[in-house]
Amino acid sequence: MRTRAKMAAVSAVTGALALTALAVPAAQAADSGTPYTLDVSFSNFKIASAIKVGTTNVVSAKVTYTLTHGTGVDITADDFFTDAFIYRGTFDDPTNEVYDDDSSTCTATSSTTANCTGSVDIHPADGALANADAGTWHGAAEAIAFNGQDPSSSSIDYSKVGYKDQGPLATTLVQRNSALTVNAGPEPVTKGKTITSTGKLSRANWEDGKYHGYTGQPVKLQFRKAGTSTYTTVKTVTSDSYGNVKATATATYDGYWRFSFAGTSTTPAVSAAGDYVDVS
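Below you will find a few notes about this structure. Note that the coordinates shown come from a computational prediction; the quantities given were computed from them, not determined experimentally. (Residues numbered from 1 in each chain as written. Predicted model: local features only at pLDDT ≥ 70, side-chain atom pairs only at ≥ 80, totals over all residues. Heavy atoms only, no water.)

1. What about unusual backbone geometry?
A negative phi angle characterises most non-glycine residues, just as the trans form characterises most peptide bonds. In this chain, Gly-167 is followed by Pro-168 through a cis amide linkage whose omega measures -5°. With respect to the helices and strands, the residue Pro-168 is situated in strand 12 (residues 162-176). Residues Gly-185 and Pro-186 are joined by a peptide bond in cis, for which omega reads 5°. Within the secondary structure layout, Pro-186 lies in the loop between strand 14 (183-185) and strand 15 (194-205). For Asn-44, which is not a glycine, the phi torsion comes out positive at approximately 55°. Counting through the fold element by element, Asn-44 comes out in strand 4 (residues 40-47). At Asn-147, a position not held by glycine, the phi torsion is positive, near 50°. Secondary-structure assignment places Asn-147 in the loop between strand 11 (135-145) and strand 12. (Helix = DSSP H or I, 4+ residues; strand = E, 2+ residues; numbered from the N terminus.)

2. Details of the sheet that holds strand 9 (residues 105-108)
Overall, antiparallel pairing links the four strands, which are arranged 4-6-10-9 in an open sheet. Every interior strand has two partners, whereas the edge strands, strand 4 and strand 9, have only one. On average, adjacent strands in this sheet sit at an angle of 25° to one another, irrespective of strand direction. Here ten bridges tie strand 6 (residues 59-69) to strand 10 (residues 113-122), and the two strands are oriented antiparallel to one another. Paired with Lys-62 across the strands is Ser-119, a residue of strand 10. (Pairing = 2+ DSSP bridges. Axes fitted to C-alpha atoms, helices over the stretch in contact; angles between N-to-C directions.)

3. Quick word on the environment of Gly-199
Locating Gly-199 in the fold gives a position in strand 15. Taking C-alpha positions, Gly-199 is 8.9 Å from Arg-258, a pair spaced 59 residues apart along the chain. Those residues in contact with Gly-199 that lie beyond four places of it in its chain are Thr-181, Val-182, Gly-243, Asn-244, Val-245 and Phe-259. (Contact = heavy atoms within 4.5 Å.)

4. Remarks on the packing of aromatic side chains
Under the counting rule described, the total for this entry stands at nine aromatic pairs. Aromatic pair Phe-45 and Tyr-65: ring centres 6.2 Å apart, planes at 15°, arrangement stacked. Of this pair, Phe-45 sits in strand 4 while Tyr-65 is found in strand 6, placing the two residues 20 residues apart along the sequence. The buried category is assigned to Phe-45, whose relative accessible area is 8%. The buried category is assigned to Tyr-65, whose relative accessible area is 2%. On the numbers, 6.2 Å between centres and 70° between planes, the contact of Phe-81 with Phe-146 is edge-to-face. You can see Phe-81 sitting in strand 7 (residues 80-89) and its partner Phe-146 sitting in the loop between strand 11 and strand 12, a full 65 residues away along the chain. (Phe/Tyr/Trp six-rings, centres within 6.5 Å; stacked < 30°, edge-to-face > 60°. Buried < 20%, exposed > 50% of the residue type's maximum accessible area, 1.4 Å probe, protein only.)

From the geometry alone we can't say anything about function, so treat these as descriptive.
Written out as structure tokens, the structure reads:
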């Protein structure tokens, strides 16, 4: 398994901490040693049960975890870093990984434990995800202690650098964000006549940055009588090959019509905003 550690470097322009992925090639490792196993472990990893990702906006999911370390590990050192990440597939051979844009912040709770808070930051516009990545991901964490070694130096002695990663610590769903519309009419409509509701169920396509129809999905037509707060399902229809949905019902009361989708493991639940129809 490749080393996932994030190397720290100080930007000459901003002075801010920048984190870049480290993968030590075999030849380099042979010349400069390999990181030793840092005496840390991770537990109590918590992340949202589902993360909805669209096509453009960066999505940050908060992560908290407990870091336990040996007495010889100084987590307050300037060159000690820890962060959380999520991965798709297996820990030893992941098909994709997403990290925090920065290192986590840790607060000591004892001489050997700390509570850490960070995030997992997904950049869909940068090609971080393929559509096939939607579904279950696993949570993990890592820590690295440079122990005075300069990560930007070509002569860094990796044998003096401590590193540890651990997973799986939790699971989360990374989902292609969904959208659902409705238009009910005619408006107004005579009591006893037919109301037709049309709409479209779509979801994010991470590969072309657009929303496309979600086909073959059960979508509920729901009604809420004016003056009440609860929607009732009238019937269920299936989205067509373009994601379009259409349903009819009998006009009885003034109220709001909407479509509602229960969601799948790859796509979150969504309900359209109710469309009010006056019945005369």
